[in-house]
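Architecture at a glance
Single-letter residue listing:
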Amino acid sequence: MSELVTGEAVALELRPARLPSRALAILIDLIVAMVVYIAVTVALVAASASLDDAAQVALSIAAFLLVLVGGPIAVETLSHGRSLGKLAVGLRVVRDDGGPIRFRHALVRGAIGVIEILMTFGVVACIASLVSARGRRLGDVFAGTLVVRERIPVGPSGFLPPPPPWLAGRFSGLDLSAVPDGLWLAIRQYLTRMHQLDPQVGWAMAERLASDLAAHTGTPAPQDVPPGAYLAAVVQERQAREARRAYGSGTTETGPSPASRPGPAVGVQGGYPYPGAQPAAPGLARPGVPVDGVSSEKSSEGPRPAVPPEGRPASGFAPPA
């Protein structure tokens, strides 16, 4: 990943294209250009059969310059840095500041490309691309351009991992009205991408987000809860409140019903991707200690029938409000 700074001092993170993808794009462009050049040459030979040799040589040179030099320059200028080969591979030519190229950039790239690509069969371009830290050839250096990847493969995103079940309803009393939307967005982005981060970097980011969230809620974050699990539990509490406002009394005041709580994250060791978030097995169901508001000891008064809400069967859990 390369960081480019625009004229407005905005840092852009772009991924420079490397030699294999650039070579494939250039090969596609050369094949298309050669096919067009051969077709134009055949048409010119047929049209100029009655001319002398000097005129035919002049037409051949003009066709070479027009198709193999002027063609790529015109295509990159009109398409803002995307030739046919770059479009097929997913590349684009941009300026050093990340902006779209103009005619002068394409002209310098095309003129130097005749020397380092056509006349040397791409040897000079390959060496320059391998030496450059950002994979630039000589035409990019003199033109002030950079070839970047537009289509970047990304891992599965958008999945919000659920908090551990022992945190359900623990943060139901938090005041979330003062938390700004920007902080919620940052928390969601962290939770969906934390499996891609370095463990130390992810932990530091989670601590910073948890500190900001606690500052806006007015309640300090609990010390016995990992920051990632704390963020996930608060986000789930916010979603539960929004669901209650949108759909009415479908959940309890302390969180969603036990049947609707999400299970462990698939593919995550231990079920939950938060260090220290998995409680010890003996503490999950200890006699006399209520779990999610339901005591594990049998009542001496005998079982009392639970009255299920409308449209929901009776169960062993306390009925949702």
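For the structure itself, consult the block above.
In this report, the structure presented in the accompanying data block is examined. (Residues numbered from 1 in each chain as written. Predicted model: local features only at pLDDT ≥ 70, side-chain atom pairs only at ≥ 80, totals over all residues. Heavy atoms only, no water.)

**Digging into the environment of Glu-116**
Among the secondary structure elements, Glu-116 is positioned in helix H4 (residues 103-119). Expressed as a C-alpha distance, the spacing of Glu-116 and Ala-128, which sit twelve residues apart in the sequence, is 9.4 Å. When sequence neighbours within four positions are dropped, the list of residues in contact with Glu-116 reads Gly-122, Val-123, Val-124, Ala-125, Arg-137, Leu-138 and Gly-139. A distance of 2.9 Å separates a polar atom in the side chain of Glu-116 from the backbone nitrogen of Gly-139. (Helix = DSSP H or I, 4+ residues; strand = E, 2+ residues; numbered from the N terminus. Contact = heavy atoms within 4.5 Å. Polar contact = N/O pair within 3.5 Å; in protein donor to acceptor, adjacent residues only side chain to side chain.)

**Considering the pairing of strand S3 (residues 91-95)**
Counting buried positions along S3 gives four out of five residues, so the element sits mostly inside the fold. Judged from the five bridges that link them, S3 and strand S4 (residues 145-149) form a sheet pairing that is antiparallel. Note on S4: the bridge partner recorded for Val-93 is Val-147. (Buried < 20%, exposed > 50% of the residue type's maximum accessible area, 1.4 Å probe, protein only. Pairing = 2+ DSSP bridges.)

**A look at the packing of helix H2 (residues 53-78) against H4**
Think of two packed helices as two axes; the pair is described by the angle between the axes and how far apart they sit. The interhelical angle for the contact between H2 and H4, taken along N-to-C directions, is 140 degrees, at an axis separation of 9 Å. Relative to H4, the element H2 lies oblique. The two elements H2 and H4 meet at a crossing, and its hand is right-handed. Along the contact surface, H2 presents Phe-64, Leu-68, Val-69, Ile-73, Glu-76 and Thr-77, while H4 presents Phe-103, Ala-106, Leu-107, Arg-109, Gly-110, Val-114 and Leu-118. Of the residues that constitute the contact of H2 with H4, the class distribution is nine nonpolar, two polar and two charged. (Axes fitted to C-alpha atoms, helices over the stretch in contact; angles between N-to-C directions. Parallel < 35°, antiparallel > 145°, perpendicular 65-115°, else oblique. Left-handed = near helix turned anticlockwise from the far one by under 90°. Nonpolar A, V, L, I, M, F, W, Y, C, P; charged D, E, K, R; others polar.)

**Remarks on the pattern of salt bridges**
Counted according to the given criterion, the structure contains 13 salt bridges. A salt bridge links Asp-140 to Arg-109, with the nearest nitrogen and oxygen atoms 2.2 Å apart. Placement of the pair is Asp-140 in helix H6 (residues 138-143) and Arg-109 in helix H4, with a sequence separation of 31 residues. Each member of the pair, Asp-140 together with Arg-109, is buried. Salt bridges linked by common partners bring Arg-22, Glu-76, Lys-86, Arg-109 and Asp-140 together as one network. (Salt bridge = Lys/Arg side-chain N within 4 Å of Asp/Glu carboxyl O.)

**A word on the packing of helix H7 (residues 181-193) against helix H8 (residues 199-217)**
One way to put it is that H7 packs onto H8 with a least axis distance of 11 Å and a crossing angle of 150 degrees. The orientation of H7 relative to H8 falls into the category roughly antiparallel. Crossing of H7 over H8 shows left-handed handedness. Contacts from Leu-183, Trp-184, Ala-186, Ile-187 and Tyr-190 of H7 reach H8 at Gly-202, Met-205, Ala-206, Leu-209, Asp-212, Leu-213 and His-216.

**Section: the nonpolar core**
Ranked by size, the top nonpolar core spans 24 residues in total, and within it Trp-184, Ile-187, Leu-191, Leu-213, Tyr-230, Leu-231 and Val-234 carry the most contacts. Counting residues per element, the ones that place at least two in this core are H7, H8 and helix H9 (227-247). When residues in this core are grouped by element, the largest group, seven residues, is from H9. Excluding anything up to four places from it in sequence, Tyr-230 contacts Phe-171, Leu-174, Ala-210, Leu-213, Ala-214, Thr-217, Thr-219, Ala-221, Pro-222 and Val-225. By size, the runner-up hydrophobic cluster in this structure holds ten residues, among which are Ala-17, Ala-25, Val-93 and Val-114. (Core = buried A, V, L, I, M, F, W, Y, C linked by side-chain atoms within 4.5 Å.)

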